[in-house]
Amino acid sequence: MTTAQTQELDVQPTPLALLLLGREADPRSERGVECPGDLPSPSDPDLVARARAAKERLGDKVFVLGHHYQRDEVIQFADVTGDSFKLARDAAARPEAEYIVFCGVHFMAESADILTSDDQKVVLPDLAAGCSMADMATAEQVAECWDALTEAGIAEQVVPVSYMNSSADIKAFTGKHGGTICTSSNAKRALDWAFEQGEKVLFLPDQHLGRNTAVRDMGMTLGDCVVYNPHKPNGGLTAEELRAAKMILWRGHCSVHGRFSLDSVNDVRERIPGVNVLVHPECKHEVVAAADYVGSTEYIIKALEAAPAGSKWAIGTELNLVRRLANRFAAEDKEIVFLDKTVCFCSTMNRIDLPHLVWTLESLAEGTLVNRIEVDTETEAFAKLALERMLALP
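Treat the numbers as computed from the prediction; the structure is a model and nothing was measured.

Draft legend 1. The overall build of the chain, seen in detail. Scanning the chain for helices and strands turns up 18 helices and 14 strands. Overall size of the chain, expressed as C-alpha extent along the three principal axes, is 65 × 60 × 40 Å. Taken over 394 residues, the chain has a buried fraction of 57%. Within the chain, contacts between residues separated by at least 24 positions form 67% of all contacts whose residues are at least 6 apart in sequence.

Draft legend 2. Fine view of empty space enclosed by the protein. According to the stated counting rule, one finds 1 cavity of 30 Å³ or more in the structure shown. The computed volume of the largest cavity comes to approximately 330 Å³. Lining the largest cavity are 29 residues, with His-67, Tyr-69, Met-108, Asn-165 and Glu-282 positioned closest to its centre. Across the lining of the largest cavity, the residue classes break down as 13 nonpolar, 13 polar and 3 charged.

Draft legend 3. Looking closely at the sheet that holds strand E3 (residues 99-103). Spatially, 5 strands are ordered E2-E1-E3-E4-E14 in an open sheet, and the strand pairing comes out mixed. Each edge of the open sheet is held by one strand with a lone partner, namely strand E2 (80-82) and strand E14 (372-373). The pairing of E3 with strand E4 (residues 121-123) spans 3 bridges and is parallel. Note on E4: the bridge partner recorded for Tyr-99 is Lys-121.

Draft legend 4. Molecular detail of the pairing of strand E8 (residues 225-228). Here E8 runs beside strand E9 (residues 247-250); their pairing, made up of 4 bridges, is parallel. Counted as the bridge partner of Val-227 is Leu-249 from E9. Taken together, E8, helix H12 (residues 239-244) and E9 form a β-α-β motif whose crossover is right-handed.

Draft legend 5. Expanded view of the pattern of salt bridges. One pass over the full model with this rule turns up 17 salt bridges. A salt bridge links Arg-372 to Glu-374, with the nearest nitrogen and oxygen atoms 3.6 Å apart. The network of salt bridges with shared partners includes Asp-44, Arg-50 and Glu-362.

Draft legend 6. Highlighting the packing of aromatic side chains. The full count for this structure, using the stated rule, is 4 aromatic pairs. Geometrically, the ring pair formed by Trp-146 and Phe-173 is edge-to-face, given 5.6 Å between the ring centres and 80° between the ring planes. On the criterion of sequence distance, the pair formed by Trp-146 in helix H8 (residues 139-151) and Phe-173 in helix H9 (residues 168-176) is long-range, its members being 27 residues apart. Classification of Phe-173 as buried rests on a relative accessible area of 11%. Their ring planes at 40° and their centres at 5.6 Å tell us that Tyr-293 and Trp-313 sit as a pair that is tilted. Taken together, the residues Tyr-293 in strand E11 (residues 293-294) and Trp-313 in strand E12 (residues 312-316) connect sequence positions 20 residues apart.

Draft legend 7. Structural view of the nonpolar core. If you look at the biggest cluster of nonpolar residues, it comprises 108 residues, and the most contacted ones within it are Val-101, Phe-203, Met-247, Val-279, Ile-336 and Leu-361. Of all the elements, helix H17 (residues 354-365) adds the most residues to this core, at 7 residues. Excluding its chain neighbours within four sequence positions, the residues that come into contact with Phe-203 are Val-161, Cys-182, Leu-191, Leu-209, Gly-210, Met-247, Ile-248, Leu-249 and Trp-250. Ala-137, Tyr-228, Leu-237 and Ala-245 belong to the second largest nonpolar core, which has 21 residues in total.

Draft legend 8. Structural context of the sheet that holds strand E10 (residues 276-279). Taken in spatial order, the 4 strands make up an open sheet running E11-E10-E12-E13, and their pairing is parallel. Two strands in the sheet have a free side with no partner beyond their single neighbour: E11 and strand E13 (335-338). Where E10 meets E12, 4 bridges bridge the pair, whose relative direction is parallel. Across the sheet, residue Val-279 finds its bridge partner in E12, namely Gly-316. Helix H16 (residues 319-329) rests against E12 and E13 of the sheet, and its axis sits at about 165° to E13.

Draft legend 9. Summary view of the confidence of the model for the chain. Of the residues in the chain, 90% reach a pLDDT of 70 or more, and the chain-wide mean stands at 89. Of the regions scoring below 50 in pLDDT, residues 1-33 engages in 55 contacts with residues more than four places distant in sequence or in other chains.

Draft legend 10. Main features of the state of the cysteines. Scanning the entire structure with this criterion turns up 0 disulfides. Take Cys-254: it sits in no disulfide, and the sulfur closest to it among the cysteines is that of Cys-346, at 6.5 Å. Under the relative-accessibility criterion, Cys-254 is labelled buried at 12%. Classification of Cys-346 by relative accessible area gives buried; the value is 14%.

Draft legend 11. Expanded view of the packing of helix H15 (residues 297-306) against H16. Running from N to C, H15 and H16 point in directions that differ by 20°, and their axes come no closer than 11 Å. With respect to H16, the axis of H15 lies roughly parallel. Read as a crossing pair, H15 and H16 show a hand that is right-handed. Residues Thr-297, Ile-300, Ile-301, Leu-304 and Glu-305 of H15 lie in contact with H16, whose contacting residues are Leu-321, Leu-325, Arg-328 and Phe-329.

Parameters and conventions
Residues numbered from 1 in each chain as written. Predicted model: local features only at pLDDT ≥ 70, side-chain atom pairs only at ≥ 80, totals over all residues. Heavy atoms only, no water. Helix = DSSP H or I, 4+ residues; strand = E, 2+ residues; numbered from the N terminus. Buried < 20%, exposed > 50% of the residue type's maximum accessible area, 1.4 Å probe, protein only. Contact = heavy atoms within 4.5 Å. 1 Å grid on protein atoms, 1.4 Å probe; cavity = no way out; pocket = protein on both sides within 12 Å on 5 of 7 lines; lining within 4 Å. Points joined across faces, edges and corners; volume = space filled by probe spheres on them. Nonpolar A, V, L, I, M, F, W, Y, C, P; charged D, E, K, R; others polar. Pairing = 2+ DSSP bridges. Right-handed = clockwise from strand over helix to strand, strands pointing away. Salt bridge = Lys/Arg side-chain N within 4 Å of Asp/Glu carboxyl O. Phe/Tyr/Trp six-rings, centres within 6.5 Å; stacked < 30°, edge-to-face > 60°. Core = buried A, V, L, I, M, F, W, Y, C linked by side-chain atoms within 4.5 Å. Axes fitted to C-alpha atoms, helices over the stretch in contact; angles between N-to-C directions. pLDDT = per-residue confidence, 0-100. Disulfide = S-S within 2.5 Å. Parallel < 35°, antiparallel > 145°, perpendicular 65-115°, else oblique. Left-handed = near helix turned anticlockwise from the far one by under 90°.

Shown next, in the form of structure tokens:
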């Protein structure tokens, strides 16, 4: 939803409690929470057979994408698995598929809609599957931030770089203002490019990926970074602080990766002598600094594939993936544990469950299009421009 559309609605933010209960909708958020239709009972013993039968009826008309953080009951029906950008590109590479069923979260489905043809229809099995990080930066807030940068006299020096984990509106803002998108795999390349275009970077919406890339990979100092808080006047920063900064980090984070702490790292080293600590760059800076290895989801998987038998690993990323990797490599005598003692699934990703997937596939098989994700033409054009700049990175 664009800023103009939001203003036309003259809405007030939905009470947080109602969103957590899965009721009502927040037009200022990148996700919705309504799911029309009757879902099968989660206790239905025939769910797997029903999903398989509906998928077979659809044949090549449907292409199911499964993000790495999905639960096993859903991932078994995915035609391909991967991270958000890989899956969006996989969808674009299957033009014969009329329906793209994205088992992920809302911003991922938006990206798939942007990159696929107009003839293809992207479907999200549960519209409540949003992303807390993406929700931390709205188009209205980012426009206010840009006004603050303009008032400080530095907007012309600033290049926006937005993480893939952002709404289509934020991607469009990035494209319109000469910036690019990045993933956790190519964040350094994106920042290198951005600093060739301007003197400063506005990094949206994950402060930790921005900080870790700037300090750990590019040799900047923590003092080169400031955090813009959209809930404070002028972001909680003075004009002088904005002018002095190289990296203006948006105050956003991943609710899963943000839970890992330095205590988690120290504790696992005490419990498991010789353990290798491998974390995602969305973790806090002190966690990344204390880890042995840092990398994207795909990096984590490849590192474990290449790890020698008998090695021990503590992984700092979403629990569904960690558990799946632990089971996969158990036969190779690789010990893989979750970095923290606290169970931590991605709650919004886990909204995509087997009943929602069955309902989606059966509806499509019956000729009823449900839960289509469609980005408006103007937003799509500017968001695609930002994505294309990323694809052109050296």
